[in-house]
Amino acid sequence: MSSEWPLWEVFIRGQHGLNHRHVGSLHAPDAEMAMNNARDVYTRRNEGVSIWVVRSADITASSPSDKGPMFEPSNSKVYRHPTFYDIPDEVGHM
Amino acid sequence: MYAQMVKSEATNDDPALLEAFQARVDANEKIEPKEWMPEGYRKTLIRQIGQHAHSEIVGQLPEGNWITRAPTLERKAILLAKVQDEAGHGLYLYCAAETLGISRDEMTEMLLSGRMKYSSIFNYPTLTWADIGAVGWLVDGAAIMNQVPLQRTSFGPYSRAMIRICKEESFHQRQGYDIMMKMAKGTPEQKEMAQDALNRFWYPSLMMFGPSDKDSVHSAQSMAWKIKINTNDELRQKFVDQTVPQAEYLGLTVPDPELKWNEEKGGHDFSEPDWSEFYDVLQGNGPCNRDRIEARQKAWEDGAWVRDAMVAHAEKRAAKRIATE
Amino acid sequence: MPSLPDIMTPDAEALAKAAGKGRRVTLPAGSPEHDLFTGLTRMGDNTLILGHRVSEWCGHAPVLEEDIALANVALDMIGQTQLWLGLAGTVEGHGRSADDLAFLRDAWHFRNLLLVERPNRDFGHTLMRQFLFDAWHQPMLKALEGSSDDRIGEIALKAGKEVAYHLERSADLVIRLGDGTEESHAKMKDALERLWPYAGEMFLADEVDVRLAHEGLMPDPAGIRPAWDETVAEILAEATLNRPDSDFAHKGGKQGRHTEDLGHLLTSMQWLQRAYPGATW
C-alpha cells in the first residue's frame, strides 16, 4: 500500500478581517497543494479571504491534564474584563 | 440512518474514570481527542463516524449517476454542487474519525473489504430523473433528522463536523423537493415518474433509521455517551409526520394503505418496512451493493499511481529546497 | 391504390416546424449576427463540453480532495456556459435560451474544439487536456476583455478570474505527475502525445474568426499562440516532458465536424430534453 498524504490543519480568515479560525483538516502531499486543496474544500461558499495551512504533526498542543493549571488561573483575574468596573451612567459610554 | 446498527463496544475501564467521564458528558462538556475516554467510546465512535463518512462517499454514486444527464444547465450545476458537498462531508467526517487514531486510508480499506458498512439506502438505484428529486427530498430529509441533533453530540470533532455539514446541507433537501414540485406539476409522464420515485424510495427511506432499538443495550450506551441522541423510532416517526404533508402538497400518494393520522398520539400510524429486505441489503444483497463497492474500488485502484506520484514529487521538491538552503 | 407520400409532401415541412426549437432555421451565414453567434457558441460549447467531461469524474477521483477540486472546475465551466450561450441566444434573436442551445442542437451544430470532447481516459489524461485548454483559455479571455462588445468583455472578465485558478492548478498537477514516479511520467507522456494533435486547432482562424477580429469583437486565434507556447514550454520543462515534434493538427470542431465521441456525450446530456419535449424541469 502506498503512503498516505499527510494531514494538514486549515485556518481561514473570514470576510470581515477577523482572526484566522480553525475550520478543519485535509490531506495533501505538501504545503502548496494543501493550500490549493484548502481553497477548494473549505471556501466553496465564499467563506474566506486568507488561508493558513499547517501540518498537523507540527502543532504543539497543550496537554489535556494541564487544563486546570493552564486556564483556571485566569478565571480569578476578573479585573481583566470590562464588566468588573462600575462606571456611573452619567459618565456615558466607555 | 447514515450510521445504522452501530454496536457500542464493551468497555473495561477504571470505574472511577468512567464515572468522571460520564459526569462530563452529562454536563454537556465536549470530549476532545487527546482527553481520556473509555476505549468503548473511542471504538464505537470510529465505527459510527467511519460509517457515516463512507455513506457520504458511496452516496455520491447514485446521484452522480445523473450528473451527465441533468436536464438543464442549472440542474446540472445544482446536482454537481450537491454531490460535491457529499464528498466534502465525507472528508470532514473522515478527519473527525482520524482524531481518534485511525487513518483515512485504513477506513477506506475497511470499506472496500466489507469490514465497515455504509447506509443501506445507497444500494438502491436511481432510475429516472425523479429519483434525484426523491433522494434529495426523502433521503436527505431522513439524514437531516439525525444530523441536526448530532450537532450536540459529546465528541468535539464530530459535533463540529456535523455543524458544518448541517449548514451546508440546508439546500440539499430543498433542491430535491424543488425537483419533485416541477415533476408533480409537470406533464402526466413527469407526474408518473415522481409517483414511481416516491413508491420506490419510501420504504428504503424508513429503513434508513434502522430497526426499532427501544430495547437495545447498545443504543442505551450510545445514548448515555451522547453519540446517539434519539431512538430510531422517534426519528422515524418524526420523519413520517414531516413528510406526509409534503407528499400531499405535491399531490402524490405515500405507498402505504395503513397510513393515517392518529389524533391520540399526535402522529401518523404507518406500516413498518420489510425488515427482511433491510437485512438482505446489509448482507450485500441490495440491488446495487456490488456495483457501489466496485465503483469505489476502481476509483481507489485507478488513483493509486496519482497519489503515489504526488508524494514522490513532493519529496523531490522538499529535497531540492533543502539543497538550495 | 393510394399513392405513397414523397419527400415533397407539405406535411414534411409542417412536421419540421412542429419539431420545434431544435430545428429552427438560424441566421444567414456570413451576416455579422451569425458571425457573432458562431463566435459565442464556440466559447460556450468549449466550456459546456469540457465542463461535462470533467463532471464525469464526480465520485470517482483518485482522492477526495481532487474530487472536490475537479467539481469546482466543472461548476465554473457550466456557469461560463450559461453566460456565453445565453448571450449567443440573445444575439441570434430567435428566443433560444442557453438551455435550448445546449440541449437541443445536434452534434453538427456544436462549435467546440475537438480537444475538449476527447474522453477522460485516466486522471493524467484529463489533467493534461485541462492544462492544454487552460493555457489557451486564459490568454483568450484576457484578449476578450478588450472586445468592442461590452457584454463579451464582462463575461471574459468574470470567467478570467476563474480560469486563472484553473490554469494554476492544472499546470501544477501536470508538473507533479510528469515529474513524479516513473509510472506517472510514462502516463503523462502518453497523454501529451495523444492530445497534442488536438492542440493546434485552437490557433487556426477561419473566415468567421477573421471577420470577428476585424470588428474587434474577438481576437485572431493565431495571436493567442505565443502566450500558449510560452506557458506550455515552461510547464512541460518543469514536468520533465518533451514537447512533441509534430505540429499536425486535427481540425473541424469549430466548424461542426466532430469526433465520434461528441455524439455519445450529447446522447446522455440531451436525453431528458429529447425524450420529453416541452417539459419543464
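Residues numbered from 1 in each chain as written. Chains lettered and ligands numbered in written order. Predicted model: local features only at pLDDT ≥ 70, side-chain atom pairs only at ≥ 80, totals over all residues. Heavy atoms only, no water.

*Asks:* With reference to specific residues and values, describe the overall build of chain C.
*Replies:* Looking only at helices and strands, one finds 12 helices and zero strands in chain C. For chain C, the α and β elements follow one another from N to C terminus as α-α-α-α-α-α-α-α-α-α-α-α. By principal-axis analysis of the C-alpha atoms, chain C measures approximately 75 × 45 × 35 Å. Counting all 281 residues of chain C, 58% fall into the buried class. (Helix = DSSP H or I, 4+ residues; strand = E, 2+ residues; numbered from the N terminus. Buried < 20%, exposed > 50% of the residue type's maximum accessible area, 1.4 Å probe, protein only.)

*Asks:* Please set out the interface of chain C and chain A residue by residue, giving values where relevant.
*Replies:* Counting residues at the interface gives 12 residues for chain C and 13 residues for chain A. Interface area lost by chain C to chain A is led by Glu 65, Tyr 165 and Arg 176 of chain C, which between them contribute 49%. Counting across the interface, chain C meets chain A through two salt bridges. Our count for the chain C to chain A interface comes out at seven residue pairs in polar contact (both at pLDDT 80 or more). Every element with two or more residues in the side of chain C that touches chain A is listed here: α3 (64–92) and α7 (150–178) of chain C. Per-element tally for the side of chain C that touches chain A: the top contributor is α7 of chain C, with six residues. (Contact = heavy atoms within 4.5 Å. Buried area = accessible area lost by both parts, 1.4 Å probe. Salt bridge = Lys/Arg side-chain N within 4 Å of Asp/Glu carboxyl O. Polar contact = N/O pair within 3.5 Å; in protein donor to acceptor, adjacent residues only side chain to side chain.)

*Asks:* Could you give an account of the interface of chain B and chain C, naming the residues involved and the relevant values?
*Replies:* When the parts come together, some accessible area is lost, and that loss is often what is quoted as the size of the interface. In this complex, chain B contributes 46 residues to the contact, which on the side of chain C involves 50 residues. Counting the surface lost from both chain B and chain C, the interface buries some 4100 Å², and carbon and sulfur atoms represent 69% of this. Area buried by chain B at its contact with chain C is led by Leu 73, Gln 84 and Trp 305 of chain B, which between them contribute 20% of it. Our count for the chain B to chain C interface comes out at three salt bridges.

*Asks:* With reference to specific residues and values, describe the sheet that holds strand β3 (residues 50–55) of chain A.
*Replies:* All names here are of chain A. A sheet is described by the order of its strands in space; here three strands give the open sequence β2-β1-β3, paired in antiparallel fashion. Each end of this open sheet is capped by a strand with a single partner; those strands are β2 (21–27) and β3. In this sheet, neighbouring strand axes are inclined to one another by 30 degrees on average, regardless of whether the strands run parallel or antiparallel. As defined by bridge partners, strand β1 (residues 7–13) adjoins β3 across six bridges and the pair is classed as antiparallel. Bridged to Trp 8 within β3 is Arg 55. In the packing of helix α1 (residues 31–42) onto the sheet, the strands contacted are β1, β2 and β3, and the crossing angle to β2 comes to about 115 degrees. (Pairing = 2+ DSSP bridges. Axes fitted to C-alpha atoms, helices over the stretch in contact; angles between N-to-C directions.)

*Asks:* Quick one: what's the story with the packing of helix α2 (residues 32–55) of chain C against helix α9 (residues 207–214) of chain C, residue by residue and with numbers?
*Replies:* Residue and element names in this part refer to chain C. Between α2 and α9, the least distance of the axes is 10 Å, while the angle of their chain directions is 105 degrees. Of the possible angle classes, the one that applies to α2 and α9 is roughly perpendicular. Of α9, the residues touching α2 (which contributes Asp 35, Leu 36, Thr 38, Gly 39 and Arg 42) are Val 208, Asp 209, Arg 211 and Leu 212. For the contact of α2 with α9, the residue count by class is three nonpolar, two polar and four charged. (Parallel < 35°, antiparallel > 145°, perpendicular 65-115°, else oblique. Nonpolar A, V, L, I, M, F, W, Y, C, P; charged D, E, K, R; others polar.)

*Asks:* Give a detailed account of the packing of aromatic side chains, specifying residues and quantitative values.
*Replies:* Applying the stated criterion across every chain yields a total of 17 aromatic pairs over all chains. Ring centres of Trp 196 of chain C and Trp 228 of chain C lie 5.6 Å apart, and the angle between their planes is 35 degrees; on these two criteria the pair is classed as tilted. With Trp 196 of chain C in the loop between α8 (182–195) and α9 and Trp 228 of chain C in helix α10 (residues 225–238), this pair connects stretches of sequence that are 32 residues apart. A residue is classified by how much of its surface remains accessible, and Trp 196 of chain C, at 4% relative accessible area, is buried. Using a relative accessible area of 0% as the deciding quantity, one classes Trp 228 of chain C as buried. The residue whose ring lies beneath Arg 39 of chain A is Tyr 165 of chain C, and the NZ or CZ to ring-centre distance is 3.5 Å. In this structure, Arg 69 of chain B packs its charged tip against the face of Trp 66 of chain B, placed 3.7 Å from the ring centre. (Phe/Tyr/Trp six-rings, centres within 6.5 Å; stacked < 30°, edge-to-face > 60°. Lys NZ or Arg CZ within 6 Å of the ring centre and 35° of its normal.)

*Asks:* Just give me the short version of a nonpolar patch on the surface, but keep the residues and values in it.
*Replies:* Taken together, the side chains of Val 78, Tyr 79, Phe 84, Tyr 85, Ile 87, Val 91 and Met 94 of chain A define a hydrophobic patch exposed on the protein surface, amounting to about 730 Å² of accessible area. With respect to the helices, strands and loops of the structure, Tyr 79 of chain A is situated in the segment after α2 (67–75). (Patch = residues over 30% accessible without salt bridge, like charges linked within 9 Å, V, L, I, M, F, W, Y side chains within 5 Å. Areas by Shrake-Rupley, 256 points an atom, 1.4 Å probe, with all protein chains shown as cover.)

*Asks:* Before we move on, could you go through helix α11 (residues 275–285) of chain B and cite the residues and values that matter?
*Replies:* Residues and elements named next belong to chain B. Every buried residue of α11 is accounted for by Trp 275, Phe 278, Val 281 and Leu 282. The buried side chains of α11 occupy one side of the element, clustering within an arc of 115 degrees when seen end-on. Among the exposed residues of α11, those oriented more than 90 degrees off its buried face are Gln 283 and Asn 285. (Arc of directions from axis to C-beta.)

*Asks:* Explain the side chain of Asp 40 of chain A to me, using residue names and the numbers behind them.
*Replies:* As for its placement among the helices and strands, Asp 40 of chain A is situated in helix α1. Owing to a relative accessible area of 0%, Asp 40 of chain A belongs among the buried residues under this scheme. There is a polar contact of 2.7 Å between the side chain of Asp 40 of chain A and the side chain of Asn 72 of chain C. Here Asp 40 of chain A is in contact with Ile 68, Ala 69, Asn 72, Tyr 165 and Arg 169 of chain C, once residues within four sequence places are set aside.

*Asks:* I'd like to hear about the confidence of the model for chain C, residue by residue, with values.
*Replies:* Summing up the model confidence of chain C, the mean pLDDT is 93 and the portion of residues at 70 or higher is 91%. Here the prediction assigns the complex a pTM of 0.92, and the interface score ipTM is 0.95. (pLDDT = per-residue confidence, 0-100.)

*Asks:* Give me the nonpolar core: which residues, what numbers.
*Replies:* Formed by 191 residues in total, the largest nonpolar core has its most connected members in Leu 26 of chain A, Trp 129 of chain B together with Met 128, Phe 131, Trp 136 and Trp 228 of chain C. Setting aside residues up to four positions removed in sequence, Leu 26 of chain A forms contacts with Pro 6, Leu 7, Trp 8, Val 10, Ala 34, Asn 37, Ala 38, Val 41 and Tyr 42 of chain A, Leu 91 and Cys 95 of chain B together with Glu 65 of chain C. (Core = buried A, V, L, I, M, F, W, Y, C linked by side-chain atoms within 4.5 Å.)

*Asks:* Could you give me a rundown of the environment of Ser 55 of chain C, with the residues and numbers involved?
*Replies:* Position of Ser 55 of chain C relative to the elements: it lies in helix α2. Given the relative accessible area of 3%, Ser 55 of chain C is considered buried. A C-alpha to C-alpha distance of 7.4 Å links Ser 55 of chain C and Leu 70 of chain C, two positions 15 residues apart in sequence. If we ignore the near neighbours within four places in the chain, the residues touching Ser 55 of chain C are Ile 67, Thr 68 and Leu 80 of chain B together with Ala 74 of chain C. Within the structure, Ser 55 of chain C has its side chain in polar contact with the backbone oxygen of His 52 of chain C (distance 2.7 Å).

*Asks:* Residue-level account of unusual backbone geometry, with values.
*Replies:* A positive phi angle is found at Asn 28 of chain B, which is not glycine, with a value near 60 degrees. Position of Asn 28 of chain B relative to the elements: it lies in the loop between α1 (15–26) and α2 (39–58). The class for Asn 28 of chain B is exposed, based on a relative accessible area of 54%. One non-glycine residue, Thr 240 of chain C, lies in the positive phi region at around 55 degrees. Mapped onto the elements, Thr 240 of chain C comes out in the loop between α10 and α11 (260–269).

*Asks:* Let's hear about the pattern of salt bridges: which residues, and what values?
*Replies:* Residue and element names in this part refer to chain B. Counted by the stated rule, this structure contains 43 salt bridges over all chains. We note a salt bridge from Arg 24 to Glu 35, for which the minimum N-O separation is 3.1 Å. One end of the pair, Arg 24, is in helix α1; the other, Glu 35, is in the loop between α1 and α2, and 11 residues separate them in sequence. The same class applies to Arg 24 and to Glu 35, which are both buried. Lys 265 serves as the salt-bridge partner of Asp 269, at 3.1 Å between the closest nitrogen and oxygen.

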